[in-house]
Amino acid sequence: MLHQYVDQFGEKLVRRRPLELRAERPRAYLNTLDLVALGVGSTPGIVTSSTMSRMLHQYVRQFGEKLVRRRPLELRAERPRAYLNTLDLVAMGVGSTLGAGVYILTGELAKVRAGPATVICFLVAALSCVMSSLCFTEFGAQVPRSGTAYLYSYVTRGQLCAFIIGWNLILSYVIATACVSRAWSYVFDNLIGNHISQVLQETFSLQVPYFLARYPDFFALGLVLLLIGMQVLGARESALVNKVFTGINILVLIFIILSGFIKGDLHNWKLTEQDYTLNTSGSSDTSSLGPLGSGGFVPFDYEGILHGAATCFYAFLGFDSIATRGEEALNSDRSIPSGIMITLFICFLAYFGVLASLTLMVPYYLIHPDSPFPQAFLHIGWDAARYVVIVGSLCALTSSLLGIMFTMPRLICAMAEDRLLFRGLAWIHDCTGTPVMAIMASGNLAGILALLFEFRDLVDLVSIRTLLVYSLVALSGLVLRYQQDQNLSKQEKTEEKIEMKPDIEGSPLESVPEGGTSNILKSLCDPINTIPTQKSGQIVYGCAFLLVLLLIILSLILAQWPSQVFSGDPVLTTVAVLLLLLITGITVIIWRQPQSPIHLYFKVPALPVLPLVSIFLNTYLMMQMTSGDWAQFGIWMGIGFAIYFGYGIQHSLEENDEPQPPASTSQTLDKKYQVMNHLSHRK
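Residues numbered from 1 in each chain as written. Predicted model: local features only at pLDDT ≥ 70, side-chain atom pairs only at ≥ 80, totals over all residues. Heavy atoms only, no water.

Named according to an unreviewed UniProt entry, the protein chain is Cationic amino acid transporter C-terminal domain-containing protein originating from Bos mutus grunniens. Taken verbatim from the UniProt record of the protein chain, the Subcellular location (unreviewed entry) comment is "Endomembrane system". We quote the UniProt Sequence similarities (unreviewed entry) comment for the protein chain here in full: "Belongs to the amino acid-polyamine-organocation (APC) superfamily. Cationic amino acid transporter (CAT) (TC 2.A.3.3) family." (UniProt positions renumbered as here; feature names shortened; annotations may be inferred.)

Caption draft 1: Representation of unusual backbone geometry within the structure. With an omega of 5°, the peptide bond between Leu607 and Pro608 qualifies as cis. Mapped onto the elements, Pro608 comes out in the loop between α24 (570–592) and α25 (609–622). Residues other than glycine seldom take positive phi values, yet Asp301 does so here, at roughly 60°. When you line up the elements, Asp301 lands in helix α13 (residues 301–312). Classification of Asp301 by relative accessible area gives partly exposed; the value is 44%. Here Arg419, not a glycine, exhibits a phi torsion of approximately 65°, which is positive. (Helix = DSSP H or I, 4+ residues; strand = E, 2+ residues; numbered from the N terminus. Buried < 20%, exposed > 50% of the residue type's maximum accessible area, 1.4 Å probe, protein only.)

Caption draft 2: Structural detail: the pattern of salt bridges. Under the definition given, this model contains two salt bridges. A salt bridge links Asp217 to Arg182, with the shortest nitrogen-to-oxygen separation between them at 3.6 Å. Of this pair, Asp217 sits in the loop between α9 (195–203) and α10 (218–232) while Arg182 sits in helix α8 (residues 159–191), placing them 35 residues apart in sequence. Classification of Asp217 by relative accessible area gives buried; the value is 0%. (Salt bridge = Lys/Arg side-chain N within 4 Å of Asp/Glu carboxyl O.)

Caption draft 3: Local environment of empty space enclosed by the protein. Scanning all chains against the criterion turns up five cavities of 30 Å³ or more. In this structure, the largest cavity occupies an estimated 60 Å³ of space. As for the largest cavity, its lining consists of Ser96, Thr97, Gly99, Ala100, Gly101, Ala176, Val180, Tyr314, Ala315, Leu317, Ser400 and Ile404. Per-class residue counts for the lining of the largest cavity are seven nonpolar, five polar and no charged. (1 Å grid on protein atoms, 1.4 Å probe; cavity = no way out; pocket = protein on both sides within 12 Å on 5 of 7 lines; lining within 4 Å. Points joined across faces, edges and corners; volume = space filled by probe spheres on them. Nonpolar A, V, L, I, M, F, W, Y, C, P; charged D, E, K, R; others polar.)

Caption draft 4: Here's a closer look at the packing of aromatic side chains. In the structure shown here, the tally under the stated rule is 24 aromatic pairs. Between the aromatic rings of Tyr364 and Tyr365, the centroid separation amounts to 5.3 Å while the plane-to-plane angle is 75°, which identifies the pairing as edge-to-face. Note on Tyr364: relative accessible area 0%, which makes it buried. When the ring of Phe641 is compared with that of Phe645, the centres are 6.0 Å apart and the planes differ by 40°; the resulting orientation is tilted. Here the residue Phe641 and the residue Phe645 both occupy positions in helix α26 (residues 627–651), the gap between them amounting to four residues, near one helical turn. Given a relative accessible area of 29%, Phe641 falls into the partly exposed group. One aromatic cluster is present, formed by Phe163, Trp167, Trp636, Phe641, Tyr644 and Phe645 through successive ring pairs. (Phe/Tyr/Trp six-rings, centres within 6.5 Å; stacked < 30°, edge-to-face > 60°.)

Caption draft 5: Focus on α26. Under the 1.5 Å per step criterion, the end-to-end length of α26 is 35 Å for 25 residues, consistent within 8% with the ideal 36 Å. Of all bends in α26, the biggest is about 45°, found at Tyr644. Listed in full, the buried residues belonging to α26 are Asp629, Phe633, Trp636, Met637, Gly640, Ile643, Tyr644, Tyr647, Gly648 and Ile649. (Expected span 1.5 Å × (residues − 1). Bend = angle between axes of the 7 residues up to and from the residue.)

Caption draft 6: Structural view of the packing of helix α4 (residues 86–97) against helix α14 (residues 332–361). The contact between α4 and α14 brings their axes to 8 Å, and the two run at 40°. Considering the angle they form, α4 stands oblique to α14. Remark: the crossing between α4 and α14 carries right-handed chirality. When α4 is examined against α14, the residues Thr86, Leu89, Val90, Gly93, Val94 and Thr97 are found in contact with a partner set consisting of Ser335, Ile336, Ser338, Gly339, Ile342, Thr343, Ile346, Cys347 and Tyr351. Grouping the constituent residues of the contact of α4 with α14 by class yields eight nonpolar, seven polar and no charged. (Axes fitted to C-alpha atoms, helices over the stretch in contact; angles between N-to-C directions. Parallel < 35°, antiparallel > 145°, perpendicular 65-115°, else oblique. Left-handed = near helix turned anticlockwise from the far one by under 90°. Contact = heavy atoms within 4.5 Å.)

Caption draft 7: Up close: the nonpolar core. The biggest cluster of nonpolar side chains holds 181 residues, and the ones touching the most others in it are Tyr103, Ile256, Tyr314, Phe316, Leu421 and Phe455. Beyond its immediate sequence surroundings of up to four residues, Ile256 is in contact with Tyr103, Val354, Ser357, Phe373, Phe377 and Val389. (Core = buried A, V, L, I, M, F, W, Y, C linked by side-chain atoms within 4.5 Å.)

Caption draft 8: Highlighting the environment of Ile256. Of note, Ile256 is situated in helix α11 (residues 239–263). The class for Ile256 is buried, based on a relative accessible area of 0%. Considering only alpha carbons, one finds Ile256 and Ala350, 94 residues apart in sequence, at a separation of 9.9 Å.

This is the structure we're talking about:
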């Protein structure tokens, strides 16, 4: 009995509860960081260094994942009916590009920065734009969606890069709107005898800071406000009006080019100090004369050409608007690439022709900076022709202004829909179907800039941001084709992991550690797989970032000490050569990685060399900008980062990972905005 009692008592002591799960399990909400914090908080006085290290590592990892979170390459379930053909896209691109750049900027550049060699400036800028446009074109073939480079970078580079590009594009469009408005005011004022500028200067004669305009241009402000009102009330772009204005613009440019070759004088490309002295003694207003420089075809030397080329990028702003029309383009995988390339070719021929004609008709130091072509025809005695040029200028500037102002709200709304900008900016008026807040915010800022700043100062603000955007687009084009397909289903991803597992386990990096450096180099330069893997994609990402760093250092050296490098300075020349060798070696590593086998109608040729050359050229031209331009760029980026880290990173749709409500007003933007746009086009 005693033995039996002891057994029963022992069974009670070791009796166990069965492992049964609850019928309803509460929703999980604690992540690793919460559990670590809970454990540390319940252990009074004990916080080890290893615990703090794990917490910091977890926090940094989660923060980094937010910055590089990418949007999947998915098309919308319902796509609006396409109606734009290649001709429509070319007319749209040319109309947005050939505006203030060809009628105003050319005079400023030729007079004080590069002289007749301004044609070389535009050639350099055009070559860089062509290389960037090839990356834009491949994106347009892969992602026929609205959003410009912002969406493309969101797909390939992640959220932070997308925000940087979108934020700078917004300011570029805003400043471009202010530039064209100011240019419109200059041309119209010249048509009526400069009465507007005289009245404003007499009325507002107070001393203003040197970085502001000579007088506040209320005419330019009124023009912007008028277009804002038209947009808010539901006005839409008209493909027919755009074609008519673009056609008139091209006819006027052809007239200018033919006039220059008829009345031009080749001696104006060979001017000397004696010619400058004769013009000075024969002119009653010597203040209107520009500097002579060294005379000849390149009066301001190599530095003038480079600085002018950096500024010329403003003149090509607008061709990328074609890429925003992927959902509205017929046969977008073909029409978008063709439209971008044809637009750039036409624009370069126009810039080259009119600049050659202008500098042949008028000595470069006599060119009028605000109204170069009307004054040029007065110089050669063709007074009546100046009115033809003014009409063409107004048509071109109107087309360019409409193209830019109707593009701005699309980009702002795209970012607001993703909650990277404030959600209210994506609000659409129920009656007119227009994004009122986006139009008001961007338009009012553009109006203030047009009111207070000179055209030439606004151009410098645009160029550095355009160069940055093009560089980031080229970087995205460099890495995109080396990445895994982002649209794989779960089953396909599982099969890929199963197939890749033997390769990973048998890779030289892990299975043969005793091979050392030789095996690592073999793995980098001779990958086993023929299609991109996660490992090969990470290699390309790492190499691309390292290449960008090396290219920035090389560009800085060549921009700051060009004569010392090419004259054989032992330190600088050695550093430049070593950088070139490193860049070449890393480029070979990227070249050896497998590319995506997905068939596209267009692919960037000479990958990875062409995007790298584009990045280097853009970066080198950025180094030509002044310290004031960089300071303004830093202020704008500081404001952007405050918005992103204070609002966007916490409220973005990718962060919340929640499906968008189908009836949300902000998410019906493209349907309402583009369908109504389509109806107006049809009319």
